[in-house]
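# Overview (structure and organization)
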Amino acid sequence: MLKHTIVYPLFLLTGFIALLAGIFGGSFAWFFVVVLLAVGITAWGAFDIRLGYFTPTFFQKKYNAEGRIALTFDDGPSPYTTEVLQLLKAYQFKATFFCIGKHVLAYPDITKQMIDEGHTLGNHTYSHRKSFGFLKEKDLVTELEKCNSIIYQTVGKIPKFFRPPFGVTNPSVAKAVQRTKQQIIGWSNRSLDTVTLEEDKIVERVCKKLKAGDIILFHDTSQRTVNVLKRLLPYLQKQGYISVSVDDLLNLHGYEE
Ligand SMILES: [Zn+2]
């Protein structure tokens, strides 16, 4: 498996050899190839959460999913969450909501409703800063702990699951989740519901590669996503899929004991 703990020493070694070859041979071409590869693989590891390059991540249930999938919603709660909850209830589906701490403060009743209706809450940082990928470990821990404590004050539970904003992982994120003892949850099926404007295309994208065990990424922050769910949920039901929470799908504890 591609892990930074294995890849970094390899790059250091090959980089050093290529540098020596450059000094004594006169051409630094191989040295630049190694540097480019190192930069490329590090960027890939940071942005593809499925790689688990910097820290272990769960992103699907590979075996024995038996028709189960996990719908997940990031960036809420928002005024659109109420309709998302209504739809989930109508189809008896359970979901996992990766909430932003600030938004939990703004919509405490919607947050409580998530729990009352049997859904799971995860941490998606306190403020979802655009600079998330560049924050230091200390600031990341503050972002995580602040969100945990708001969720605890609102629903009496401390989430074990964390989804990094933008799906970014790096050594600082890895250390921060180690300190807060949380588990990173990624996705295997990405709706792109915040960037694709046509609802048809979003539905098509999700369904095209859908398989049992998938963790599907949505955002409960727009009417567009609500409209997509109105079409997707009956389709899922017809195909025999059932949405469960991430803890159920992966057989993990969703909250601190
Ligand atoms: Zn987000």
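Residues numbered from 1 in each chain as written. Predicted model: local features only at pLDDT ≥ 70, side-chain atom pairs only at ≥ 80, totals over all residues. Heavy atoms only, no water.

Attention now moves to the overall build of the chain. When you go through the chain residue by residue, the secondary structure sums to 10 helices and nine strands. Based on the C-alpha atoms only, the size of the chain along its principal axes is roughly 70 × 40 × 35 Å. Across the 257 residues of the chain, 51% fall into the buried class. Contacts in the chain between residues at least 24 apart in sequence constitute 76% of all its contacts with a sequence separation of at least 6. As presented, the chain carries roughly 13000 Å² of accessible surface, and 59% of it is formed by carbon and sulfur atoms. (Helix = DSSP H or I, 4+ residues; strand = E, 2+ residues; numbered from the N terminus. Buried < 20%, exposed > 50% of the residue type's maximum accessible area, 1.4 Å probe, protein only. Contact = heavy atoms within 4.5 Å. Areas by Shrake-Rupley, 256 points an atom, 1.4 Å probe, with all protein chains shown as cover.)

Another aspect to go through is the UniProt feature "transmembrane region" (unreviewed entry) in the chain. Per the UniProt annotation, the sites labelled "transmembrane region" (unreviewed entry) are residues 7-24 and 30-53. Along residues 7-24 one finds 100% helix and 0% strand; the C-alpha atoms at either end are 26 Å apart. Along residues 30-53 one finds 75% helix and 0% strand; the C-alpha atoms at either end are 25 Å apart. (UniProt positions renumbered as here; feature names shortened; annotations may be inferred.)

Another aspect to go through is the coordination of the zinc ion. Ideal geometry at a metal gives 109.5 degrees between four tetrahedral donors and either 90 or 180 degrees between six octahedral ones. Coordination sphere of the zinc ion, protein contribution only: Asp75 (OD), His124 (NE2) and His128 (NE2), at 2.1 Å. Read from N- to C-terminus, the donor residues coordinating the zinc ion fall into the pattern D-x48-H-x3-H. With Asp75 in the loop between β2 (68-74) and α3 (81-90) and His128 in the loop between β4 (120-123) and α6 (137-155), this pair connects stretches of sequence that are 53 residues apart. Of the two residues examined, Asp75 and His128, each falls in the buried class. (Donors = N, O, S within 2.8 Å, 3.2 Å for Na, K, Ca; no water.)

Right, let's get into the packing of α6 against helix α7 (residues 171-180). Remark: α6 packs on α7, axes separated minimally by 9 Å, with the N-to-C direction vectors making an angle of 45°. By the criterion of interaxial angle, the relationship of α6 to α7 is oblique. Here the hand of the crossing between α6 and α7 comes out right-handed. Contacts from Glu137, Leu140, Val141, Leu144 and Glu145 of α6 reach α7 at Ser172, Val173, Lys175, Ala176, Val177, Arg179 and Thr180. For the contact of α6 with α7, a count of residues per class yields six nonpolar, two polar and four charged. (Axes fitted to C-alpha atoms, helices over the stretch in contact; angles between N-to-C directions. Parallel < 35°, antiparallel > 145°, perpendicular 65-115°, else oblique. Left-handed = near helix turned anticlockwise from the far one by under 90°. Nonpolar A, V, L, I, M, F, W, Y, C, P; charged D, E, K, R; others polar.)

This part covers the side chain of Asn123. As for its position among the elements, Asn123 is in strand β4. Within polar-contact distance, the side chain of Asn123 engages the backbone oxygen of Leu144 at 2.9 Å. When residues no more than four places from it in sequence are discounted, the contact partners of Asn123 are Phe98, Cys99, Leu144, Cys147, Asn148, Pro159, Phe161, Phe162, Arg163 and Gln182. (Polar contact = N/O pair within 3.5 Å; in protein donor to acceptor, adjacent residues only side chain to side chain.)

With that settled, the discussion passes to the domain arrangement of the chain. The accessible area lost on association of the parts is a frequent measure of interface size. According to the domain assignment, the chain consists of domain 1 (4-47) and domain 2 (57-250). Each of domain 1 and domain 2 was reduced to a C-alpha centroid, and the two centroids are 37 Å apart. (Domains from an automatic or database assignment.)

This brings us to the UniProt feature "domain: NodB homology" (unreviewed entry) in the chain. Here, UniProt's "domain: NodB homology" (unreviewed entry) annotation points to residues 67-244. For residues 67-244, helix accounts for 45% and strand for 17%, while the C-alpha atoms at its two ends are 10 Å apart.

Position of Thr154 relative to the elements: it lies in helix α6. For Thr154, a relative accessible area of 15% puts it in the buried group. A polar contact is formed between the side chain of Thr154 and the backbone oxygen of Ile150, at a distance of 2.6 Å. Once you skip the residues sitting within four places of it in the chain, Thr154 turns out to touch Val104, Pro108, Thr111 and Lys112.

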